[in-house]
Number of protein chains: 2
Amino acid sequence: MSYLPTPQTTPTRYRERARYDRATVHGILDEALICHVGYLNAGRPVVLPTTHARRGETLYLHGSTGSGPMLAASSDGLPVCVTVTLVDGLVLARAALRHSLQYRSVVVLGTARLVQDRREKLRALDALLDHIASGRSADSRPPNSRELAATAVLAVDLVEVSAKVRVGGPVDDQDDIALPHWAGVVPLTLAAAAPEPADDLNPAVPLPPYLEPYRRP
Amino acid sequence: MSYLPTPQTTPTRYRERARYDRATVHGILDEALICHVGYLNAGRPVVLPTTHARRGETLYLHGSTGSGPMLAASSDGLPVCVTVTLVDGLVLARAALRHSLQYRSVVVLGTARLVQDRREKLRALDALLDHIASGRSADSRPPNSRELAATAVLAVDLVEVSAKVRVGGPVDDQDDIALPHWAGVVPLTLAAAAPEPADDLNPAVPLPPYLEPYRRP
């Protein structure tokens with residue numbers, strides 16, 4: 001496997017680095033709860049959010065059958081761009097145009113195929129569930145044949161992949177340092193509140209260990 | 001202005017509703033810190049994250065000059081799809097395929113134009129800054145001509161827009177209710193930690209009111 005750079009679309013900024021190493025890419029894909037999938041619909045770009053999960057060097061995407069992209073992917077494969085972005089903080093500089101975000105993003109370019117093998121599909125659906133809450137696939141009622149037929153899973157190989165990571169604080173020109181504007185970073189995280197049981201949950205069912213507390217990997 | 005439905009790409013699910021009302025769309029766009037922009041690059045879909053800000057019925061996108069999409073938008077306009085997604089919670093059902101996320105998303109289809117009028121560009125850059133931290137544009141050093149020339153802003157009119165909102169808890173089949181799996185919702189929010197001053201910040205500069213505490217609108 002080789003991770004290739006995506007087409008250069010934005011110039012590299014200070015403290016913003018393009019990365020192609022596997023560990024960085026995997027870490028971002030595994031932590032992000034959702035992705036945004038871009039594809040062509042009647043010649044126009046469409047971007048939709050969905051959930052994803054990585055198994056080795058394959059990225060699986062959750063979809064529904066009967067929808068445009070799924071039908072396209074079932075024949076020749078569907079050209080897609082899958083992008084995930086984690087926002088880690090606000091970067092406030094003295095100068096307006098030096099403001100930035102701390103973020104980690106991955107862009108995957110490829111051709112999505114519809115997963116048709118039953119075993120691969122079941123494993124992918126387990127992975128999609130475990131991606132949301134690790135261990136959940138073993139602690140839920142497995143799909144039956146009717147449900148399986150009504151659900152589509154797409155697969156994209158991790159071949160043309162890049163990550164971009166922006167860390168650190170603001171970078172102001174020397175002339176701006178003494179200006180009376182606060183500068184620094186506001187760290188941001190996706191925080192989980194206490195789980196709320198369903199109205200119809202039997203009170204004897206305990207909260208599973210993977211939800212106390214809930215954390216992204 | 002009329003908000004038109006986007007092409008139907010996924011079937012409507014239970015407790016998931018497509019919405020086209022202005023207040024819902026504006027609220028989601030204003031709260032989301034980033035968007036994902038899809039466009040065509042050499043005939044292939046590309047999706048990149050960037051910051052955005054709404055002014056009335058126009059959505060502004062931050063970019064850099066010299067990059068592919070910006071050049072395209074400067075001539076004839078660039079067909080884009082701008083999607084923002086807020087994740088509000090995990091929805092854990094007893095059945096594997098009834099799991100879901102609570103989310104709010106907006107999809108904007110349109111043609112992006114490069115903002116070339118100097119006054120509109122300055123107003124848009126203020127809006128992009130105030131979108132990140134309300135009041136910040138008045139509390140930072142304004143762009144100079146050199147910086148302005150090195151920064152690109154795209155504008156997309158909010159015409160073909162839709163929102164999708166998924167609220168509520170899990171919806172299991174009656175036969176699954178008695179299964180021994182926990183069911184409910186794990187609420188998620190973007191949480192801000194205490195602001196961290198830059199290393200070179202004069203300690204006499206106080207934390208501005210709009211950062212204590214930092215909250216999305």
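Residue positions within a chain follow its written sequence, with the count starting from 1. Lettering for chains starts from A, numbering for ligands starts from 1, and both go in the order in which the items are written. The predicted origin of the model limits local features to residues at a pLDDT of at least 70 and limits the giving and counting of side-chain atom pairs to 80 or more, whereas totals for whole chains, interfaces and linings rest on all residues. Hydrogens and water molecules were not included; the side-chain quantities draw on all heavy atoms of the structure.

The name given to chain A in an unreviewed UniProt entry is Flavin-nucleotide-binding protein, and the organism recorded there is Mycobacterium fragae.

1. Focus: the overall build of chain A
Across its full length, chain A holds four helices and 11 strands. Throughout this description, buried means an accessible area under 20% of the type-specific maximum (1.4 Å probe, protein chains only), exposed means over 50%, and partly exposed covers the range between. Split into buried and exposed, the 217 residues of chain A put 55% on the buried side. The contact criterion used throughout is that any non-hydrogen atoms of two residues lie within 4.5 Å. A separation threshold of at least 6 residues defines the contact pool for chain A, and within that pool the share at least 24 residues apart is 75%. Surface exposure here means Shrake-Rupley accessible area, sampled with a 1.4 Å probe, where a residue is shielded only by the protein chains that are shown. Entry remark: accessible area of chain A is about 9,500 Å², with carbon and sulfur atoms responsible for 53%. Only runs of H or I of at least four residues qualify as helices and only runs of E of at least two qualify as strands under DSSP, and these elements are numbered from the N terminus.

2. Quick notes on the confidence of the model for chain A
Residue and element names in this part refer to chain A. Within a predicted model, pLDDT stands for the predictor's per-residue confidence, ranging from 0 to 100. Considering every residue of chain A, the mean pLDDT works out to 89; 88% of them sit at 70 or more. Low pLDDT, under 50, characterises residues 1–14; the stretch is placed with 39 contacts to residues that sit more than four places away or in other chains. Note on the complex model: pTM 0.92, ipTM 0.91.

3. Structural notes on the pairing of strand β3 (residues 44–50) of chain B
Residue and element names in this part refer to chain B. The buried count for β3 comes to five of seven residues, which makes it a mostly enclosed element. Bridge analysis of strand β2 (residues 35–41) against β3 gives seven bridges, and the strand direction is antiparallel. What sits directly across from Val-37, in β3, is Leu-48. Counting the residues that bridge the hairpin from β2 to β3 gives two residues, and of these Ala-42 lies at a positive phi of roughly 55°. Should DSSP find at least two bridges between two strands, the strands are taken to pair.

4. What to know about the environment of Val-171 of chain A
Relative to the assigned elements, Val-171 of chain A resides in the loop between β9 (160–166) and β10 (184–192). Taking the C-alpha atoms as reference points, Val-171 of chain A and Val-91 of chain A, separated by 80 residues in sequence, lie 9.1 Å from one another.

5. Some details on the interface of chain B and chain A
Contacts between the two partners involve 93 residues from chain B, matched on the other side by 94 residues from chain A. Both faces considered, chain B and chain A share a buried interface measuring about 7,500 Å² in area, 66% of it formed by carbon and sulfur atoms. Each salt bridge in this description consists of a side-chain nitrogen of Lys or Arg and a carboxyl oxygen of Asp or Glu lying within 4 Å of one another. The interface formed by chain B and chain A includes six salt bridges. A salt bridge links Asp-200 of chain B to Arg-94 of chain A; the shortest N-O distance between them is 3.2 Å. Polar contact criterion, stated in full: a pair of N or O atoms within 3.5 Å, where within protein one must be able to donate a hydrogen and the other to accept it, and residues adjacent in sequence count only if both atoms are side-chain atoms. Between chain B and chain A we count 31 residue pairs in polar contact (both at pLDDT 80 or more) in total. Ranked by the residues each element gives to the side of chain B that touches chain A, the list is headed by strand β10 (residues 184–192) of chain B, at nine residues. Residues are grouped as follows: Ala, Val, Leu, Ile, Met, Phe, Trp, Tyr, Cys and Pro are nonpolar; Asp, Glu, Lys and Arg are charged; all remaining types, including Gly, are polar. For the side of chain B that touches chain A, the residue count by class is 58 nonpolar, 22 polar and 13 charged. Take the accessible area each of two parts loses on contact, using a 1.4 Å probe, and add the two losses: that sum is the buried area.

6. Section: the environment of Asp-117 of chain A
Residue and element names in this part refer to chain A. Mapped onto the elements of the fold, Asp-117 is located in the loop between β7 (100–114) and α3 (118–132). Asp-117 sits 19 residues away from Arg-136 along the chain, and the two C-alpha atoms are 22 Å apart. Among the polar contacts listed, one links the side chain of Asp-117 to the backbone nitrogen of Arg-119, at a separation of 3.2 Å.

7. Here's the deal with empty space enclosed by the protein
Space inside and on the surface of the protein is sampled on a 1 Å grid over the protein atoms alone, with a cavity defined as a set of points where a 1.4 Å probe fits but cannot get out and a pocket as an open set with protein on both sides within 12 Å along at least 5 of 7 lines; lining residues have an atom within 4 Å of a point. Grid points are joined across faces, edges and corners, and a volume is the space filled by probe spheres set on the points. Going through the model one piece at a time under the given rule, you end up with one cavity of 30 Å³ or more. Put simply, the largest cavity is a space of about 30 Å³. For the largest cavity, the full set of lining residues is Leu-125, Asp-126, Leu-129 and Pro-143 of chain A together with Ala-96 and Leu-97 of chain B.

8. Some thoughts on the pattern of salt bridges
Applying the stated criterion across every chain yields a total of 24 salt bridges over all chains. One salt bridge connects Glu-160 of chain A with Arg-44 of chain B, and the closest N-O pair in it is separated by 3.4 Å. Of this pair, Glu-160 of chain A sits in strand β9 while Arg-44 of chain B sits in strand β3, each in a different chain. Taking the relative accessible area as the measure of exposure, Arg-44 of chain B reaches 35% and is therefore partly exposed. Note that Asp-139 of chain B and Arg-136 of chain B form a salt bridge whose closest N and O atoms lie 3.8 Å from each other. An identical accessibility class is assigned to Asp-139 of chain B and Arg-136 of chain B; each is buried. What emerges from the salt-bridge pattern is a single network uniting Glu-31, Asp-88 and Arg-104 of chain A.

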